[in-house]
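Geometric and topological summary
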Amino acid sequence: CIKAMQESWVPPTIGLDEPGDGCDLDYVPNVGRDLKVTHAMSNSFAFGGLNAVLVFGLRGNLYRSDDGGQAWRRLETGTTAMLTDGVALGGGRLAIVGVSGAVLLSADGGETWALRQQPDRRGLGAALAAADGALVAVGEDGVRRIALAG
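**With respect to the pairing of strand β8 (residues 93-98)**
- Among the six residues of β8, six are classified as buried, and the element is accordingly described as predominantly covered.
- Taking every second residue as pointing to the same face, both faces of β8 are buried, with Arg93, Ala95 and Val97 on one and Leu94, Ile96 and Gly98 on the other.
- Of the strand pairs in this sheet, strand β7 (residues 83-90) and β8 are connected by six bridges, and their pairing is antiparallel. Note that in β8 the partner of Gly90 across the bridge is Arg93.
- The hairpin formed by β7 and β8 contains two residues between the paired strands, and Gly91 there has a positive phi angle of roughly 65 degrees.
- Relative to strand β9 (residues 103-106), β8 runs antiparallel, the two sharing four bridges. What sits directly across from Val97, in β9, is Val103.
- Where β8 folds back onto β9 in an antiparallel hairpin, the turn is made up of four residues, including Ser100, whose phi is positive at roughly 60 degrees.

**A closer look at the pairing of strand β13 (residues 142-146)**
- Bridge analysis of strand β12 (residues 135-139) against β13 gives five bridges, and the strand direction is antiparallel. Directly across from Gly139, in β13, lies its bridge partner Gly142.

**Structural notes on the confidence of the model for the protein**
- Residues at a pLDDT of 70 or more form 89% of the protein, whose mean pLDDT is 83.
- Contacts of residues 44-49 to residues separated by more than four positions or lying in other chains number nine contacts, the stretch itself having pLDDT below 50.

**Details of the pattern of salt bridges**
- Inspection of the entire model under this criterion finds nine salt bridges.
- Here Glu140 ties to Arg122 by a salt bridge, and the two come within 3.5 Å at their closest N and O atoms. Of the two residues, Glu140 is situated in the loop between β12 and β13 and Arg122 in the loop between β10 (114-115) and β11 (124-129); the sequence distance between them amounts to 18 residues.
- Using a relative accessible area of 51% as the deciding quantity, one classes Glu140 as exposed.
- Given a relative accessible area of 33%, Arg122 falls into the partly exposed group.
- In this structure, Arg122 and Asp141 form a salt bridge, with 3.2 Å as the shortest nitrogen-oxygen distance. Separated by 19 residues along the polypeptide, Arg122 in the loop between β10 and β11 and Asp141 in the loop between β12 and β13 bring together distant segments of the chain.

Analysis parameters
- Residues numbered from 1 in each chain as written.
- Predicted model: local features only at pLDDT ≥ 70, side-chain atom pairs only at ≥ 80, totals over all residues.
- Heavy atoms only, no water.
- Buried < 20%, exposed > 50% of the residue type's maximum accessible area, 1.4 Å probe, protein only.
- Helix = DSSP H or I, 4+ residues; strand = E, 2+ residues; numbered from the N terminus.
- Pairing = 2+ DSSP bridges.
- pLDDT = per-residue confidence, 0-100.
- Contact = heavy atoms within 4.5 Å.
- Salt bridge = Lys/Arg side-chain N within 4 Å of Asp/Glu carboxyl O.

Below you can see the structure in the form of C-alpha cells.
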C-alpha cells in the first residue's frame, strides 16, 4: 500500500481472470497500472478484541468502521502527514506511522489517537511490533526502535 501511494501505481492481482458474481470492484487483473492511491486499509480483526476496519492515507486522514464497512467515522489524528502503515502492538494498543516522522498511538483499540511526532521529522514507511512492546519503524534513516510508555 505504501509503494502504491508513493508511486501512484497499483500492482496486479495475478491469476484473476474472472471476478466472482457480485464482485463489481476494479481488481486490477493480471497487469499493474498507474492509479492515484490516497488511502490504505488495515483490517484489524481479533487484535485484542478489536473488530474494526481502519482506513488511513493522505493528509492525516483516518477513518474507522465498526460494522464491516457499512458506516465510517473520521477520527482526529492531529497531523496532516500521509499515513503509511499500521500495526497492532497487543493489549488494544495500535500504532500508525507516516511521513514527516508522524507516529500515532492508540491505547483503546483505535477509538482515540495521540500524535507522537519524531523530533527529526524523518519519514516512516512501515511499522512492526517488537517482542518487548516497542515499535520498530522503517523509514528514511533505515530501521529504528521507538520505545513506548505503558
